[in-house]
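This is what each chain is made of:
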Amino acid sequence: MIQLIRGFKDILPGEVELWQAVETVARELLEDFGFKEIRIPVMERTELFARSIGEDTDIVEKEMYTFPDRKGDLITLRPEATASIVRSYIQHRLHAKDPVQKFYTIGPMFRRERPQKGRYRQFYQINAEIFGVQSGLADVQLIYLLVTLFGRLKVADVKAHINSLGCVRCRPKFKAALSKFLESISDQLCANCKRRKDRNPLRVLDCKVPACRAAMADAPSIIDYLDPECKADFDEVQRLLQVLKVPFVVDKNLVRGLDYYARTTFEIQTESLGAQNAVAGGGRYDGLVSELGGPDIPATGFAIGFDRLTELTGLKADQFYRKPDIFVAALGEKSRLLAFEWVCALGDEGINAELDFGGKSLKSQMKRADRLAAAHVLIVGDDELKKGEAILRNMETKEQVSVPINGLVEIVKGKIIKK
Ligand code: HAM
């Protein structure tokens, strides 16, 4: 038997209802906050991700699904959505009409990470991006939106972690101090960090290896190196979060796994996910639009791990699982055809009606109605046809009534909807 690819998964009926419910709540909230949906392709030129996420990141170095297409061009299954949204914003000159734009997108991403709970090779994200706003108000609105959404979805114990990565002016000074520190603890670092410490020292702050984490405990803090503008911006973000009563902690080691960030970065973390503790992450990426060939327009955004969110939400799939409103049990060829017409007409009226497509006995049809947990059963056989009346049974109250076959769909609809 051919099996799923490792790290990939099916989302089956029974579980998918939860995904749909979460998506509906998220979409509604995003649209209430003025975000417009944008749909971008799942594949892009490799160069787009390499340039925006950064050559020295885990994602680009070892996690991308990259292959040559039939003409030899290198293409990549998207590991994230931000780069594609920026590409689209530039390509379609969406900034020309109004640089301020808010987008959201929901869909699968692909990273060849080591699979484990909460970490998949095809996973889903809910992304939101704000273009054209330099003020920290935009970052705070995003964090507020996340916390509000998690509240609505009954996700417990979430906390916003925030940091500022400064800008192109203040970061070099911090990098120099960090490099000096890394040199002093070099012998305690893992091979990966040893290699990265010169090219991209910030990545060492992001390393998950416990020995590296311990060695980094006394690393300099970027916050001490912020220039006056970046410091004022980060102070303002914190002040606004307090105004909105959003609980947060300042986390000096939060550098995120992608290179495009500047100034405010954030993650929503929870204890209940274990090692994969971030259910959402994001931040400001002011240089990316110009880096990818567009005008100098600031931007900020986030992505929620949809899979992790469904594992954390207090909502349950069975709250949303749709059971048949009615099961039509028909006996005999003539009744079965009639039942089939009714089921189609009822479906058209928004009533979930099921029937047995084969010629099973009444007993086995009733069993199936029970198994499906149908709210009502309509019984029709030769006797009923002769009388011109079918029997409608309410499966909860066990109450039975006769329904004239003539005009049955309208009558049944009235009775079911009235209930
Ligand atoms: P990220 O931190 O790489 O950021 O991913 C965001 C979220 O996606 C994570 O917090 C996590 O919940 C989820 N996630 C990531 N990898 C996996 C995986 N292998 N399996 C399951 N869930 C996963 C970004 O992707 C940025 N593009 C976010 C952003 C948007 N920044 C600005 N705008």
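None of these values were measured; they are calculated from a predicted model.

Trainee: I'd like a rundown of the site of the ligand, residues and numbers included.
Mentor: Around the ligand, a shell composed of 27 residues is seen, among which Glu80, Glu113, Tyr120, Glu129 and Tyr261 lie nearest. The contact in question runs from an oxygen atom of the ligand to an N or O atom on the side chain of glutamine 125, over 3.1 Å. In the model, a nitrogen atom of the ligand is placed 2.6 Å from a nitrogen or oxygen of the tyrosine 261 side chain. For the shell around the ligand, the secondary structure elements donating two or more residues are β6 (122-131), β10 (278-284) and β11 (299-305). When residues of the shell around the ligand are assigned to their parent elements, the largest contribution, six residues, is made by β10. Its residues placed into classes, the shell around the ligand shows eleven nonpolar, nine polar and seven charged.

Trainee: Give me a positive patch on the surface: which residues, what numbers.
Mentor: On the surface, Lys360, Lys363, Lys367 and Arg371 cluster together into a positively charged patch. In this structure, lysine 367 sits in helix α15 (residues 362-371).

Trainee: Outline the nonpolar core, supporting the account with residue identities and numerical values.
Mentor: One finds Phe35, Phe131, Phe150, Met216, Phe302, Ile304 and Leu309 to be the most contacted residues of the largest nonpolar core, which totals 95 residues. With eight residues, the top contributor of residues to this core is helix α6 (residues 136-152). Beyond its immediate chain neighbours, meaning those up to four positions away, phenylalanine 150 contacts Val155, Val158, Ile268, Val279, Ala280, Ile304 and Leu309. Formed by 20 residues, the second largest nonpolar core is a distinct cluster that contains Val328, Trp342, Ala390 and Leu392.

Trainee: How would you sum up the packing of aromatic side chains? Please name residues and give values.
Mentor: Under the definition given, this model contains twelve aromatic pairs. Judged by centre distance (6.4 Å) and plane angle (75°), the ring pair of tyrosine 89 and phenylalanine 103 falls under edge-to-face. Within this pair, whereas tyrosine 89 is found in helix α4 (residues 82-91), its partner phenylalanine 103 is found in strand β5 (residues 101-110), the two being separated by 14 residues in sequence. With respect to burial, tyrosine 89 and phenylalanine 103 carry one shared label: buried. Ring-pair connections join several aromatic residues into one group, and the members of that group are Tyr89, Phe103, Phe131, Tyr260, Tyr261 and Tyr285. For the cation-ring pair, lysine 9 lies above tyrosine 120, with the distance from its terminal atom to the ring centre recorded as 3.9 Å.

Rules used throughout
Residues numbered from 1 in each chain as written. Predicted model: local features only at pLDDT ≥ 70, side-chain atom pairs only at ≥ 80, totals over all residues. Heavy atoms only, no water. Near = heavy atom within 4 Å. Polar contact = N/O pair within 3.5 Å; in protein donor to acceptor, adjacent residues only side chain to side chain. Helix = DSSP H or I, 4+ residues; strand = E, 2+ residues; numbered from the N terminus. Nonpolar A, V, L, I, M, F, W, Y, C, P; charged D, E, K, R; others polar. Patch = residues over 30% accessible without salt bridge, like charges linked within 9 Å, V, L, I, M, F, W, Y side chains within 5 Å. Areas by Shrake-Rupley, 256 points an atom, 1.4 Å probe, with all protein chains shown as cover. Salt bridge = Lys/Arg side-chain N within 4 Å of Asp/Glu carboxyl O. Lys, Arg positive; Asp, Glu negative; His and termini not counted. Charge placed at Lys NZ, Arg CZ, Asp CG, Glu CD. Core = buried A, V, L, I, M, F, W, Y, C linked by side-chain atoms within 4.5 Å. Buried < 20%, exposed > 50% of the residue type's maximum accessible area, 1.4 Å probe, protein only. Contact = heavy atoms within 4.5 Å. Phe/Tyr/Trp six-rings, centres within 6.5 Å; stacked < 30°, edge-to-face > 60°. Lys NZ or Arg CZ within 6 Å of the ring centre and 35° of its normal.

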